[in-house]
Amino acid sequence: MIKINQALIVKPVLDGIISSFHTHDGSDITELSGRLAKIVGEKEQTVQTMLIDSKMNILGTRKLLHKFGQNIQWNPADDTCVTADILFDNSIDGGWSLSGELFQVEQSNKKNHVR
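Below, the structure is looked at part by part. Source: prediction; values computed, not measured.

### Regarding the nonpolar core
- In terms of nonpolar packing, the biggest core is built from eight residues, these being Ile-29, Leu-32, Leu-36, Ala-37, Val-47, Leu-51, Leu-65 and Ile-72.
- Looking at this core, the elements that each hand over two or more residues are helix H2 (29–40) and helix H3 (44–52).
- Among the elements that line this core, the one with the most residues is H2, at four residues.
- Discounting residues that sit within four places of it in the chain, Val-47 has contacts with Ser-33, Leu-36, Ala-37, Val-40 and Glu-42.

Structure, rendered in structure tokens:
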């Protein structure tokens, strides 16, 4: 069994999950998709297509990526995340998996009255 420092991976995992429900607004798309393509070992055009694909654009279009020195910085709307439950299972032999559900939370205008 591999030990995982869960505290070190929660923020990047959550940012990745939230980012997957955004579409990049196209800013610096050629430069950013080129940088990301090198990181993930994928063709630049494939990465560019994925960044602007709107099929899973549940959380909106935004400047999802920024140039950061010679690298990139992700900018998901994680400040709008109300809660997240991340469960780690170290018993899976030879790999890992990720699954989840996304819910929209709406603020109620009703006042709670205590009697």
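### A word on the pattern of salt bridges
- This structure, assessed with the given rule, holds four salt bridges.
- Put simply, Lys-55 and Asp-53 hold a salt bridge, and the shortest N to O gap is 3.7 Å.
- Looking at Asp-53, the relative accessible area reads 30%, which means it is partly exposed.
- One network of salt bridges, in which partners are shared, links Lys-11, Asp-15 and Asp-78.

### Notes on H3
- Buried within H3 are the following residues: Val-47, Gln-48 and Leu-51. The buried residues of H3 all sit within an arc of 100 degrees when viewed along its axis, so they share a single face. Opposite the buried face of H3, by more than 90 degrees, sit the exposed residues Gln-45 and Met-50.
- Those residues of H3 that are buried lie in contact with strand E1 (23–24), H2, strand E3 (65–68) and strand E4 (71–74).

Calculation notes
- Within every chain, residues take consecutive numbers counted from 1 along the sequence as written.
- In keeping with the predicted nature of the model, local features appear solely for residues at pLDDT of at least 70, side-chain atom pairs appear and are counted solely at 80 or more, and the whole-chain, interface and lining totals rest on all residues.
- Side-chain numbers here rest on the full set of heavy atoms in the structure, without hydrogens or water.
- By convention a nonpolar core is built from buried Ala, Val, Leu, Ile, Met, Phe, Trp, Tyr and Cys residues, the set being connected through side-chain atoms within 4.5 Å.
- The classification of residues rests on relative accessible area computed with a 1.4 Å probe and restricted to protein chains. Under 20% of the type maximum is buried, over 50% is exposed, and intermediate values are partly exposed.
- Counting from the N terminus, the helices are DSSP H or I runs at least four residues long and the strands are E runs at least two residues long.
- Should any heavy atoms of two residues lie within 4.5 Å, those residues are counted as being in contact.
- Within this document, salt bridges are pairs made up of a side-chain nitrogen of Lys or Arg and a carboxyl oxygen of Asp or Glu, the two lying within 4 Å of each other.
- Think of the arc as the fan of directions from the helix axis to the C-beta atoms.

Fair warning: the whole summary comes from geometry, so function is off the table for now.
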